[in-house]
Amino acid sequence: MFFVLRHGQTDWNLEARLQGSTDIALNDTGRQQARHAGEVLTGHGIDRIIVSPLSRAMETAQLVGKALNLAPEIDPRLTERNFGQFEGMTIDEVHVHREEMREHMNPEADIDGKHYPWNAERLPDVIDRVFTCVEDYRKTGTCLFVCHGIPFRAISRKYIDEMWSSPNAAPVRFEQVNEGWRMVALDPDNAPIPQVYNAQTTMGRI
């Protein structure tokens with residue numbers, strides 16, 4: 001059993017802007033979301049918090065850690081995917097530039113047909129590094145992994161064989177069931193949804 005939490009809201013989330021590896025801080029709403037997530041996660045026996053080094057994840061983990069009386073441990077393998085030239089663009093701008101930059105796209109950078117620039121991190125590589133991180137820690141205690149939208153999708157893909165999109169600061173538990181796993185949303189009012197490839201459902205979740 002382990003727990004996963006995406007960071008709280010940032011101003012770039014509000015603007016439907018790709019953050020990726022760009023270090024964007026939480027806004028006040030994101031801090032409130034993180035405090036609420038800490039309340040939800042209290043009493044679940046969590047004894048380790050593993051976090052991405054990016055500040056939006058770090059501050060989320062620190063606020064949750066106050067509620068759980070735990071100090072977060074940094075692991076860079078939980079860092080958000082680097083989107084290359086698309087970082088800082090809104091989803092609408094990305095759609096425009098995908099057409100303009102078709103010759104610069106890397107068909108190996110993704111596995112869902114949504115090609116990214118040549119300098120973007122390959123999604124299979126993100127999935128591998130995040131999965132390795134979770135596997136390295138999950139048997140060492142009851143761990144909470146505080147990360148980002150794409151790492152969250154990577155975890156859901158590896159453990160329940162389906163990519164899910166997480167809203168900001170939506171706490172979930174992954175637990176083994178026989179030979180498989182299931183994901184349990186801990187806050188019914190803020191729960192992940194199956195990934196859908198359009199701006200209305202995925203942006204703000206990246």
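These notes cover the structure that comes with them. (Residues numbered from 1 in each chain as written. Predicted model: local features only at pLDDT ≥ 70, side-chain atom pairs only at ≥ 80, totals over all residues. Heavy atoms only, no water.)

## Quick look at the overall build of the protein chain
And step 1. Across its full length, the protein chain carries 7 helices and 10 strands.
And step 2. Here the protein chain holds 206 residues, and the buried ones make up 56% of them.
And step 3. Look at the contacts in the protein chain between residues 6 or more apart in sequence, and 66% of them connect residues 24 or more apart.
And step 4. In the structure as shown, the protein chain presents an accessible area of about 9000 Å², 47% of it carried by carbon and sulfur atoms. (Helix = DSSP H or I, 4+ residues; strand = E, 2+ residues; numbered from the N terminus. Buried < 20%, exposed > 50% of the residue type's maximum accessible area, 1.4 Å probe, protein only. Contact = heavy atoms within 4.5 Å. Areas by Shrake-Rupley, 256 points an atom, 1.4 Å probe, with all protein chains shown as cover.)

## Topic: the pairing of strand 1 (residues 2–6)
The side chains of a regular strand alternate, first on one face of the sheet and then on the other.
And step 1. Of all 5 residues in strand 1, 5 are buried; the element is thus mostly enclosed.
And step 2. In strand 1, alternate side chains face the same way, and those of Phe2, Val4 and Arg6 on one face and Phe3 and Leu5 on the other are all buried.
And step 3. Bridge count between strand 1 and strand 8 (residues 172–177): 3 bridges; the pairing is antiparallel. Within the sheet, the bridge partner assigned to Val4 lies in strand 8 and is Val172.
And step 4. Sheet topology note: the strand 1/strand 6 (residues 143–147) ladder contains 4 bridges and is parallel. Looking at strand 6, one finds that Phe3 is bridged to Leu144. (Pairing = 2+ DSSP bridges.)

## Considerations on the side chain of Glu175
And step 1. Here Glu175 lies in strand 8.
And step 2. Here Glu175 falls in the buried class, since its relative accessible area comes to 12%.
And step 3. A polar atom in the side chain of Glu175 sits 2.7 Å from the side chain of Arg173.
And step 4. Within the structure, Glu175 has its side chain in polar contact with the side chain of Arg182 (distance 2.4 Å). (Polar contact = N/O pair within 3.5 Å; in protein donor to acceptor, adjacent residues only side chain to side chain.)

## A few points about the environment of Cys147
And step 1. Locating Cys147 in the fold gives a position in strand 6.
And step 2. Relative accessible area serves as the criterion here: at 0%, Cys147 is assigned to the buried category.
And step 3. Spatially, the C-alpha atom of Cys147 lies 8.6 Å from that of Ile50, the residues being 97 residues apart in sequence.
And step 4. For Cys147, the residues in contact, after removing those within four places along its chain, are Val4, Leu5, Arg6, His7, Ala57, Leu78, Phe152 and Ile155.

## Things to note about the packing of aromatic side chains
And step 1. Summed over all chains, the structure comprises 8 aromatic pairs.
And step 2. An angle of 65° between the planes, with centres 6.3 Å apart, marks the rings of Tyr137 and Phe145 as edge-to-face.
And step 3. What makes Tyr137 buried here is its relative accessible area of 15%.
And step 4. The exposure class assigned to Phe145 is buried, which follows from its relative accessible area of 0%.
And step 5. Pairing Tyr159 with Trp181 gives two aromatic rings, centres 5.1 Å apart and planes at 75°, and the pair type is edge-to-face. With Tyr159 in helix 6 (residues 149–160) and Trp181 in strand 9 (residues 180–185), this pair connects stretches of sequence that are 22 residues apart.
And step 6. Here Tyr159 falls in the buried class, since its relative accessible area comes to 7%. (Phe/Tyr/Trp six-rings, centres within 6.5 Å; stacked < 30°, edge-to-face > 60°.)

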